[in-house]
Amino acid sequence: MEYSKDITIIIPLFNEEESLGELHEWTRKTMIDNGFDYEMIFVDDGSTDGSWAKVQELAAEDPDVKGISFRRNYGKSAALYEGFEAAVGRVVCTMDADLQDSPEELPEMYRMITEEGYDVVSGWKQHRQDNKMTKNLPSKLYNATARMITGIKLHDMNCGIKAYRHEVVKSIEVYGEMHRYIPYLAKNAGYDRITEKPVHHQKRKFGTSKFGIERFVNGFLDLISLWFLSTFGKKPMHFFGFTGLLMFLVGFVMTVCIIAAKLVHQANGVHFRAVTDQPLFYLAILAVVLGVMLFLAGFICEMISRSSTERNKYNVKERI
């Protein structure tokens with residue numbers, strides 16, 4: 001595959017006007033010092049300050065700067081998606097616009113992909129410069145959960161500075177809030193050579209963070225959704241059908257046991273409560289009804305899946 005640039009640097013931003021000039025100069029100097037043919041793509045996610053005007057100014061001064069501006073704030077995933085679509089570099093890197101990520105980390109990440117053969121290199125902020133109670137501790141818990149569910153041994157799944165082989169970003173679709181799990185998306189697409197690199201993390205120089213504590217709750221819910229879709233997305237009947245069948249059988253067996261017990265007691269002349277007077281009977285009926293509903297839900301999901309235009313979309317490695 002031919003690439004028109006060595007490296008593409010995608011920088012999503014939202015109200016980061018004050019940091020853009022310094023970030024551009026720092027990144028530009030790093031690229032020139034390392035002899036890269038590069039491009040910088042600033043994606044303005046609906047900023048309400050002068051961020052887009054600053055990007056326009058940088059693009060007028062530097063032909064290696066490109067810009068994309070959204071009409072409103074769509075989120076980081078949307079910004080990365082548009083950046084990935086526009087990228088023409090052999091290696092595609094992402095970096096936050098708040099000056100907390102150092103562009104001096106990028107040359108080594110580039111080397112790890114081009115020389116060591118990795119598909120994804122994720123940054124690892126070993127020594128975070130954030131508030132320990134609101135960022136560090138929740139981040140450790142979040143990353144431990146992500147490692148357990150995804151099977152990817154990364155210490156900082158949500159680190160903003162990452163590098164990808166060109167083919168990776170062209171093979172995945174980032175949407176919603178899935179930017180946190182791009183390594184997992186890459187793994188599901190067959191790019192499983194994933195590693196991490198310790199990176200320097202700096203204190204925020206301008207403005208305030210755009211993310212609150214709620215991102216960890218949302219991140220966990222997104223992780224469950226992504227796991228479910230990657231596991232059962234093309235075979236929903238395997239989940240809903242199995243679960244429904246199991247619940248139906250449990251409810252059916254419970255009902256048969258209750259009725260059989262009543263008949264045995266009646267045959268022996270032993271007093272026995274009416275079936276409809278027993279709470280277990282209603283639990284059994286509930287299990288049967290839920291089982292049937294889940295089974296039917298599996299059928300409906302299977303019909304939708306088979307009608308989808310994505311049903312036969314596969315990532316082919318090579319053709320001869």
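See the structure shown above.
What counts, and where the lines are drawn
- Residues numbered from 1 in each chain as written.
- Predicted model: local features only at pLDDT ≥ 70, side-chain atom pairs only at ≥ 80, totals over all residues.
- Heavy atoms only, no water.
- Helix = DSSP H or I, 4+ residues; strand = E, 2+ residues; numbered from the N terminus.
- Buried < 20%, exposed > 50% of the residue type's maximum accessible area, 1.4 Å probe, protein only.
- Pairing = 2+ DSSP bridges.
- Expected span 1.5 Å × (residues − 1).
- Contact = heavy atoms within 4.5 Å.
- Axes fitted to C-alpha atoms, helices over the stretch in contact; angles between N-to-C directions.
- Parallel < 35°, antiparallel > 145°, perpendicular 65-115°, else oblique.
- Left-handed = near helix turned anticlockwise from the far one by under 90°.
- Nonpolar A, V, L, I, M, F, W, Y, C, P; charged D, E, K, R; others polar.
- Arc of directions from axis to C-beta.
- Salt bridge = Lys/Arg side-chain N within 4 Å of Asp/Glu carboxyl O.

## A short note on the overall build of the protein
The secondary structure content of the protein amounts to 10 helices and seven strands. Considering the protein as a whole, with its 320 residues, one finds that 43% of them fall into the buried category.

## Some points on the side chain of Asp 119
Note that Asp 119 resides in the loop between helix H4 (106-114) and strand S5 (120-125). Assessed through its relative accessible area of 9%, Asp 119 is described here as buried.

## Some points on the pairing of S5
The element S5 is largely enclosed, with a buried count of five among its six residues. Two elements, S5 and strand S6 (residues 162-165), share three bridges in a ladder whose sense is antiparallel. Across the sheet, residue Val 120 finds its bridge partner in S6, namely Tyr 164. In this structure, S5 lies alongside strand S7 (residues 194-199), joined through six bridges in parallel fashion. Following the sheet pairing, Val 120 is matched in S7 by Ile 194.

## Section: helix H1 (residues 17-33)
In a regular helix each residue adds 1.5 Å, so 17 residues correspond to 24 Å; H1 covers 25 Å between its end C-alpha atoms and thus fits that length. Of all the residues in H1, the buried ones are Ser 19, Leu 20, Leu 23, His 24, Thr 27, Thr 30 and Met 31. Next to the buried residues of H1 lie strand S1 (5-13), strand S2 (38-44), helix H2 (51-61), strand S3 (65-69) and H4. Of the residues trailing H1, Gly 35 is marked for its positive phi of about 70°.

## A few points about the sheet that holds S3
Taken in spatial order, the seven strands line up as S3-S2-S1-S4-S6-S5-S7 in an open sheet, and their pairing is mixed. For this open sheet the edge positions go to S3 and S7, each flanked by a neighbour on one side alone. In this sheet, adjacent strand axes meet at a mean angle of 20° when their direction is disregarded. Where S1 meets strand S4 (residues 89-94), five bridges bridge the pair, whose relative direction is parallel. Within S4, the residue paired with Ile 10 across the bridge is Thr 94.

## A few points about the packing of H1 against H2
In a packed pair of helices, the relevant descriptors are the angle between the two axes and the axis-to-axis distance. For the pair H1 and H2, interaxial distance at closest approach is 8 Å and the crossing angle is 20°. By the criterion of interaxial angle, the relationship of H1 to H2 is roughly parallel. As for how H1 packs across H2, the hand of that crossing is right-handed. In this structure, H1 uses Glu 17, Leu 20, Gly 21 and His 24 to contact H2, whose residues at the interface are Ser 51, Lys 54, Val 55 and Leu 58. Taken together, the residues of the contact of H1 with H2 sort by class into three nonpolar, three polar and two charged.

## With respect to H2
Each α-helix winds once per 3.6 residues, and so residues spaced three or four apart point in a common direction. Taken together, the buried positions of H2 are Ser 51, Val 55 and Leu 58. One side of H2 carries all its buried residues, which in axial view fall inside an arc of 65°. For H2, the exposed residues set more than 90 degrees away from the buried face come down to Ala 60 and Glu 61. Where H2 is buried, its residues contact S1, H1, S2 and S3.

## Structural notes on the pattern of salt bridges
Tallying each qualifying case throughout the model produces 13 salt bridges. With a closest N to O distance of 4.0 Å, Glu 25 and Arg 28 form a salt bridge. Separated by three residues within a single helix, Glu 25 and Arg 28 lie in helix H1, roughly one turn from each other. A relative accessible area of 43% means that Glu 25 is categorised as partly exposed. Here Arg 111 ties to Glu 116 by a salt bridge, and the two come within 2.5 Å at their closest N and O atoms. Ionic contacts of the salt-bridge type, sharing partners, join the residues Glu 108, Arg 111, Glu 115 and Glu 116 into one network.

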